[in-house]
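Notes for the structure review
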Amino acid sequence: MTPKQTLLRGRTLNFSAEPTGPEDTAAYQYCEDGAVLIEGGLIVASGDYTAVAAQAVQPQVIDHRPHLLMAGFIDTHIHFPQVQVIASWGAQLLDWLNSYTFPEETRFASPDHSAAMAGKFYDLLLGHGTTTAVAYCSVHKASADAFFAEAARRDMRMIGGKVMMDRNAPDGLMDTPQSGYDDTQALIRDWHGKGRASYAITPRFAITSTPAQMEMAQALVAENPDCYVQTHLSENHAEIDFTRELYPQARDYLDVYETYGLLGPKALLGHAIHLTPREIDALAETGAHPVFCPTSNLFLGSGLFDGAGLRARGIGNAIATDVGAGTSYSMLQTLNEGYKVLQLQGQSLHPLRAFHWITRGNAVTLGLEGKIGTLDAGTEADVVVLDARATPAMDLRMQRAGSLSDELFILQMLGDDRAVAQVYVAGRASKGAPVLEAAI
Ligand code: GUN
Ligand code: ZN
């Protein structure tokens, strides 16, 4: 008989708030000998091994010692149809879109291509420890169907949407205001709230949507208030200038989205680098979330995200890879580059705050902290198992590590998919690597 429960044993780290630093022990629980008990895809208990094991009923025990268990990583901005765009040379945003990205995305008109790429996409996410992502699909409905179908097959909590774009793009990559509306409504009907899926209404950015399409996006948001909204904001100076030409009556870039009723706590705004004081006020007032995409911002030469400035205004920032302008699927490498972007502005990112950000912090910006991002009882059992000695360089450095913060910083600066020993999605192991099993 297969056991109903699984007991993962290892060191555990679980956040209950954003830590200010290592002394802020009320914000996190770290157990040297810890465990996570799982049943039916949910976490039953986590924390001290002895206490958790005492609650278990004939579980399958998987011993991950000496590795570190924490909630699976959450990537809040990634482009599914850019899996074969990542690492394309030599351009800044608008040229990069026109030269590499738009031509590649036209291939997702094909349901077969979309399905094949969806399998690769989720293999990559999970291999890097990411268990939830918020993704842009291509303009084609088929790409979003493939994205959601493959996530459902793997029981992954995923958020996404087809991009709406009806101008300034090649012929094979545009919808119309009406077809964009109709396809989005159909996708919401077919996928939103089904299993672990949520829909994000996705006008790509102001440059690729006419005012008529923005009106349709506004209608979609009004008619589906529990869907997310995602778009791009103020990533690059040429993009901002073009937006201002296309929407001359707007007070600034953000005002385009504000005018069409797209802003609120469910809105995720990729990049948000070059903001005016009025735009920052509007972000604070509406509760919309800027999304910091450090590897992308450095790769495209877009600019430096002012994390501390926005935080000081009480604005909840998410963090993300933005593959394929982002250069790594790894949220660890995202933290590595994020640390440097903040350093360049004299801002600091403590490793405890960093690991909170890619787990519970991103969950909070999505309003999902009751479901994902922690190891709390009752939440979904998406768990990553990290090995801070995964490479010779990490192992050597770990020999001089004296604290949990040291270990986290080594993972953040030197870690990538090699540091991900195992990933559980709704309680099921998703990497083929053999695990040591032991009886309690
Ligand atoms: N702005 C509009 N579309 C995109 C995209 O695909 N990637 C990035 N980085 N910025 C965008
Ligand atoms: Zn993007």
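Residues numbered from 1 in each chain as written. Chains lettered and ligands numbered in written order. Predicted model: local features only at pLDDT ≥ 70, side-chain atom pairs only at ≥ 80, totals over all residues.

**Some thoughts on the overall build of the protein chain**
- Regarding its fold elements, the protein chain presents 15 helices and 17 strands.
- Taken over the C-alpha trace, the protein chain has a radius of gyration of 21 Å; the compact-globule value for 440 residues is 22 Å, and the two agree within 12%.
- Seen along its three principal axes, the alpha-carbon backbone of the protein chain occupies a region of about 65 × 50 × 40 Å.
- Taking all 440 residues of the protein chain together, 56% fall into the buried category. (Helix = DSSP H or I, 4+ residues; strand = E, 2+ residues; numbered from the N terminus. Rg over C-alpha atoms; globule rule 2.2 N^0.38 Å. Buried ≥ 20, exposed ≤ 12 C-beta atoms within 10 Å, placed from the backbone.)

**Notes on the site of ligand 1**
- Neighbouring ligand 1 are the residues His-79, Leu-93, Leu-97, Thr-101, Arg-204, Phe-205, His-232, Glu-235, Ser-296, Asp-322 and Ala-325.
- When residues of the shell around ligand 1 are assigned to their parent elements, the largest contribution, three residues, is made by helix H2 (residues 93-105).
- Residues of the shell around ligand 1, tallied by class, amount to four nonpolar, four polar and three charged. (Near = placed C-beta within 6 Å. Nonpolar A, V, L, I, M, F, W, Y, C, P; charged D, E, K, R; others polar.)

**Some words on the domain arrangement of the protein chain**
- When the domains of the protein chain are assigned, the result is domain 1 (5-72 + 373-437) and domain 2 (73-329).
- Its C-alpha centre places domain 1 at a distance of 31 Å from the equivalent point of domain 2.
- Each side of the interface is counted separately: domain 1 has twelve residues, and domain 2 has 14 residues.
- Looking at the side of domain 1 that touches domain 2, the element that brings in the most residues is strand E15 (residues 420-425), giving three residues.
- Here the residues of the side of domain 1 that touches domain 2 sort into five nonpolar, three polar and four charged. (Domains from an automatic or database assignment. Contact = placed C-beta atoms within 7 Å.)

**Some thoughts on the UniProt feature "domain: Amidohydrolase-related" (unreviewed entry) in the protein chain**
- Residues annotated in UniProt with the feature "domain: Amidohydrolase-related" (unreviewed entry) correspond here to residues 69-428.
- Taken end to end, residues 69-428 has its terminal C-alpha atoms 14 Å apart, with 44% of it in helix and 16% in strand. (UniProt positions renumbered as here; feature names shortened; annotations may be inferred.)

**Description of the packing of helix H4 (residues 141-154) against helix H5 (residues 177-191)**
- Viewed as axis vectors pointing N to C, H4 and H5 meet at an angle of 15 degrees, and their least axial separation amounts to 10 Å. Viewed along their axes, H4 and H5 adopt a mutual orientation that is roughly parallel. The handedness of the crossing between H4 and H5 is right-handed. Along the contact surface, H4 presents Lys-141, Ala-144 and Phe-148, while H5 presents Asp-183, Ala-186, Leu-187 and Trp-191.
- Class assignment of the residues belonging to the contact of H4 with H5 gives a composition of five nonpolar, no polar and two charged. (Axes fitted to C-alpha atoms, helices over the stretch in contact; angles between N-to-C directions. Parallel < 35°, antiparallel > 145°, perpendicular 65-115°, else oblique. Left-handed = near helix turned anticlockwise from the far one by under 90°.)

**As for the packing of helix H12 (residues 331-343) against helix H15 (residues 404-414)**
- Running from N to C, H12 and H15 cross one another at 95 degrees; their axes reach a closest spacing of 6 Å. One finds that H12 runs roughly perpendicular with respect to H15. Contact residues: H12 offers Leu-332, Leu-335, Asn-336 and Tyr-339, while H15 offers Leu-411, Gln-412 and Met-413.
- Taken together, the residues that form the contact of H12 with H15 break down as five nonpolar, two polar and no charged.

**Observations regarding the pairing of strand E11 (residues 267-271)**
- Within E11, five of the five residues are buried, which leaves the element mostly enclosed by the surrounding structure.
- In this structure, strand E10 (residues 228-233) lies alongside E11, joined through five bridges in parallel fashion. Across the sheet, Gln-230 pairs through a bridge with Leu-268, a residue of E11.
- When E11 meets strand E12 (residues 289-292), the two strands line up parallel, connected through three bridges. Looking at E12, one finds that Leu-268 is bridged to His-289. (Pairing = 2+ DSSP bridges.)

**Regarding helix H3 (residues 111-127)**
- With 17 residues, H3 extends 24 Å between its outermost C-alpha atoms, agreeing within 8% with the 24 Å of an ideal straight helix rising 1.5 Å per residue.
- Buried within H3 are the following residues: Ser-114, Met-117, Ala-118, Phe-121, Tyr-122, Leu-125 and Leu-126. Burial along H3 is one-sided: seen end-on, the buried residues are contained in an arc of 165 degrees.
- Gly-129 occupies a position one or two residues after H3 and carries a positive phi of about 85 degrees. (Expected span 1.5 Å × (residues − 1). Arc of directions from axis to C-beta.)

**Some remarks on the nonpolar core**
- In terms of nonpolar packing, the biggest core is built from 140 residues, with Val-36, Leu-37, Ala-135, Phe-147, Ala-217, Ile-358 and Val-383 touching the most fellow members.
- Taken domain by domain, this core gets at least three of its residues from each of domain 1 (5-72 + 373-437) and domain 2 (73-329).
- Ignoring sequence-local partners within four residues, the contact set of Val-383 consists of Leu-8, Val-36, Leu-69, Ala-71, Gly-72 and Tyr-424. (Core = buried A, V, L, I, M, F, W, Y, C linked by C-beta atoms within 7 Å.)

**Focus: the pairing of strand E2 (residues 28-39)**
- Note that strand E1 (residues 5-15) and E2 share ten bridges and pair antiparallel. Within E2, the residue paired with Asn-14 across the bridge is Gln-29.
- The pairing of E2 with strand E3 (residues 42-48) spans six bridges and is classified as antiparallel. The partner of Ile-38 across the bridge, within E3, is Ile-43.
- Joining the antiparallel neighbours E2 and E3 is a turn of two residues, in which Gly-40 adopts a positive phi near 60 degrees.

**What about unusual backbone geometry?**
- Omega for the bond connecting Arg-65 with Pro-66 falls within 30 degrees of zero, at 5 degrees, which places this linkage in the cis form.
- Residue position: Pro-66 is located in strand E4 (residues 60-71).
- The phi dihedral of Ala-87 falls on the positive side, at around 70 degrees, and the residue is not glycine.
- Secondary-structure assignment places Ala-87 in the loop between strand E5 (73-79) and H2.

**Comments concerning the environment of Val-83**
- Of note, Val-83 is situated in the loop between E5 and H2.
- Each C-alpha atom of the pair Val-83 and Glu-105 lies 9.8 Å from the other, and the pair is 22 residues apart in sequence.
- Setting aside residues no more than four positions away along its own chain, Val-83 makes contact with Met-117, Lys-120, Phe-121 and Gly-324.

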